[in-house]
Amino acid sequence: MAEKRDYYETLGVQKGASDDEIKKAFRKLAVKHHPDKGGDEAKFKEINEAYEVLKDKQKRGRYDQFGHAGVGGTGGRTGGNPFEGFGGQGQNVHFDFGDLGDIFSSFFGGGQRAASQQNRGRDVETAVNLTFEEAIFGTEKTVSLNLDVTCNHCKGSGAEPGFGSKTCSTCRGTGQEVKIINSLFGPIQQAGTCHTCRGRGKVPEKACTVCNGRGVKREKQDIAIKIPAGVDEGSAIRLSGRGEALAGGTAGDLYVAIHVKPHKKFTREGDLILSEETISMIDAALGAEIDVDTVDGSLTMKIPAGTQPGTDFKLSGHGVPHLRGGGRGAQIVTIRVETPTNLTRKQKELLEQFDDAKKRRIFN
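What you see is a predicted model; the values in this text were computed from it and never measured.

Asks: Now, about the overall build of the protein: what can you tell me, with residues and values included?
Replies: In terms of regular secondary structure, the protein is built from nine helices and 16 strands. Classification of the 364 residues of the protein by burial places 36% in the buried group. Taking as baseline every contact in the protein between residues at least 6 positions apart, the subset at least 24 positions apart corresponds to 63%. When the accessible surface of the protein is split by element, carbon and sulfur atoms take 48% of a total near 21400 Å².

Asks: Provide a residue-level description of the state of the cysteines, including the pertinent values.
Replies: Tallied over the full model, the rule gives zero disulfides. Of the cysteine sulfurs around Cys168, a residue in no disulfide, the closest is that of Cys171, at 3.8 Å. Given a relative accessible area of 1%, Cys168 falls into the buried group. You can see Cys194 has no disulfide; the closest cysteine sulfur is in Cys197, sitting 3.7 Å from it.

Asks: Explain the sheet that holds strand β16 (residues 331–338) to me, using residue names and the numbers behind them.
Replies: One open sheet accounts for four strands, arranged β11-β12-β16-β15; its pairing is mixed. A strand with exactly one partner marks an edge of an open sheet, and here the two such strands are β11 (267–269) and β15 (312–315). Strand-to-strand, the axes of this sheet are offset by a mean angle of 35°, without reference to chain direction. As judged from the three bridges shared by β11 and strand β12 (residues 272–280), these two strands associate in the antiparallel manner.

Asks: Please provide a residue-by-residue account of the packing of aromatic side chains, values included.
Replies: Under the criterion given, the structure shown has four aromatic pairs. Residues Phe26 and Tyr51 carry aromatic rings whose centres are separated by 4.0 Å and whose planes lie at 5° to one another, so their mutual orientation is stacked. Taken together, the positions of Phe26 in helix α2 (residues 19–33) and Tyr51 in helix α3 (residues 41–54) put the pair 25 residues apart, joining distant regions of the chain. With a relative accessible area of 14%, Phe26 lands in the buried category. Residue Tyr51 is classed as buried on the basis of its relative accessible area, which comes to 12%. What links up through ring pairs into an aromatic cluster is the set Tyr7, Tyr8 and Tyr63.

Asks: A description of the pattern of salt bridges should follow, citing residues and the corresponding values.
Replies: By the definition in use, this model includes 22 salt bridges. When the shortest N-O distance is used, the salt bridge between Glu244 and Arg122 registers 2.7 Å. Residue Glu244 is located in the loop between β9 (236–239) and β10 (254–260), and its partner Arg122 is located in the loop between α6 (110–116) and β2 (124–130); the two are separated by 122 residues in the primary sequence. Residue classification places Glu244 among the buried residues on the basis of a relative accessible area of 3%. Here Asp253 ties to Arg238 by a salt bridge, and the two come within 3.9 Å at their closest N and O atoms. Placement of Asp253 in the loop between β9 and β10 and of Arg238 in strand β9 is noted, with a sequence separation of 15 residues between them.

Asks: Quick rundown of the side chain of Glu160? Include the residues and the values.
Replies: Turning to its location among the elements, Glu160 is positioned in the loop between β3 (139–150) and β4 (165–167). There is a polar contact of 3.1 Å between the side chain of Glu160 and the side chain of His153. The residues touching Glu160, leaving out its near neighbours within four places in the chain, are His153, Lys206, Ala207, Cys208 and Thr209.

Asks: Can you tell me about a nonpolar patch on the surface, naming the residues and giving the values?
Replies: A cluster of nonpolar residues, Met281, Ile282, Leu286 and Leu351, forms a patch on the protein surface that exposes about 370 Å² of accessible area. The greatest single-element share of the nonpolar patch, amounting to three residues, is contributed by helix α8 (residues 281–286). Exposure remark for Ile282: the relative accessible area of 48% places this residue in the partly exposed category.

Asks: Please give an account of the environment of Ser165 that cites residues and values.
Replies: As for its position among the elements, Ser165 is in strand β4. Separated by 37 residues in the primary sequence, Ser165 and Lys202 place their C-alpha atoms 6.1 Å from one another. When near neighbours in sequence (up to four residues on either side) are disregarded, Ser165 contacts Lys202, Val203, Pro204 and Glu205.

Asks: Describe the packing of α2 against α3, naming the residues involved and giving the relevant values.
Replies: Interaxial distance between α2 and α3 falls to 9 Å at its minimum, and their mutual angle equals 165°. When the axes of α2 and α3 are compared, the pair comes out roughly antiparallel. With respect to the hand of their crossing, α2 and α3 are arranged in left-handed fashion. When α2 is examined against α3, the residues Ile22, Lys23, Phe26, Leu29, Ala30 and His33 are found in contact with a partner set consisting of Lys43, Phe44, Ile47, Asn48, Tyr51 and Leu54.

Calculation notes
- Think of each chain on its own: its residues are numbered from 1, step by step along the sequence as written.
- It should be noted that, the model being predicted, local features are given only for residues of pLDDT at least 70 and side-chain atom pairs only at 80 or more, the latter also being counted only at that level, while totals for whole chains, interfaces and linings use all residues.
- Derived side-chain values reflect all non-hydrogen atoms in the structure, with water molecules and hydrogen atoms excluded from consideration.
- Going along the chain from the N terminus, every DSSP run of H or I of four or more residues is numbered as a helix, and every run of E of two or more is numbered as a strand.
- Burial here depends on accessible area, computed with a 1.4 Å probe over protein chains only, as a share of the maximum for the residue type. Under 20% is buried, over 50% is exposed, and the range in between is partly exposed.
- Contacts are residue-level and defined by heavy atoms, with any inter-residue pair within 4.5 Å sufficient.
- The Shrake-Rupley method, run with a 1.4 Å probe, gives the accessible areas here. Residue values count only the displayed protein chains as cover.
- Defined by distance alone, a disulfide is two cysteine sulfur atoms within 2.5 Å.
- Strands pair, by our definition, only if DSSP identifies at least two bridges between them.
- Lines fitted to the C-alpha atoms define the axes, with helices restricted to the stretch that makes contact. Angles between their N-to-C directions range from 0 to 180 degrees.
- Two aromatic rings, drawn from Phe, Tyr or Trp (for Trp, its six-membered ring), form a pair once their centres lie within 6.5 Å of each other, and the interplanar angle then sorts them: stacked below 30 degrees, edge-to-face above 60, tilted otherwise.
- Salt bridge, as applied in this entry: a Lys or Arg side-chain nitrogen positioned within 4 Å of an Asp or Glu carboxyl oxygen.
- What qualifies as a polar contact is a pair of N or O atoms within 3.5 Å, subject to a donor-acceptor requirement within protein and to the restriction that residues adjacent in sequence count only when both atoms come from side chains.
- Patch members must show over 30% relative accessible area and no salt bridge, and they are joined within 9 Å when carrying like charges or within 5 Å when they are nonpolar side chains of Val, Leu, Ile, Met, Phe, Trp or Tyr.
- For this classification, under 35 degrees means roughly parallel, over 145 means roughly antiparallel, 65 to 115 means roughly perpendicular, and everything else is oblique.
- By convention the crossing between two helices is left-handed if the near helix lies anticlockwise of the far one by an angle smaller than a right angle, and right-handed if it lies clockwise.

Quick look at the structure:
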């Protein structure tokens, strides 16, 4: 597993480079390596990743302080297929999709999907809502759906038990009907799935009394969905064969869209969890130990003397689990310093004495 290159090295600039220098370096390299101009796509993605971090003042500050771990990196993983599957037993997780309908063409392709449609049940879409913690640690959810399932009475044959099947008289066993359509170019033959036998070429001698010969029936299904640790808003889980059943064919798939409720304390950025803690001016000046909330519970964090507002502290191993490997990201805690208000006369006098001593260089 290759280590990520230093972002400054990737863009060919020094660590202290200005925003303008970084922007110019990115534009030059982007033009050179853009795939549309015959460039290296992997190199272009690496350049873009580096620029996305270094152009952002806050992300750049965390990168300078903590390296790749400070900006949600996994310390070794580079790139990868965003639709690569996870989990087992017919359950896969996919990421970064816009419309669930687009997934279908991604997996099957337009032509292949159309060709196999008559032998495959309908795909089904649903969604589940997760708390922030459920998305971080994983969970199991159950969804209830009304689906076409294989008829237990006829075992999907469409025929009443004890009866067989016969050749469809409409398509004569071909499973297709040919229709003549009048067009501007004259009569055109168009082949389609036989409406009588639904493409099977055979019909029951006596239709099943439960499903009326369809081979499937509508039924409520409670489906358990394992949610892996580390999923994020916009993820999708595919459960193969858990969509609509089709007599004489294979069942479609079930796609589950993931929605994560915002947390009042934490936000997420890749594999990082971000939070803020507010301390007093005195604690910032003298140093202190404070209790910090994490998704794993409260822990004690040491604040060094002289801590400035906006300082970031990294809590390793308290971030988001890596979906494509072991371990977890970090939690970045940003310190806010509270300025005192409504001071008493005595407090004001003490601060004025401190300020006067500082001006006379009694304190460095």
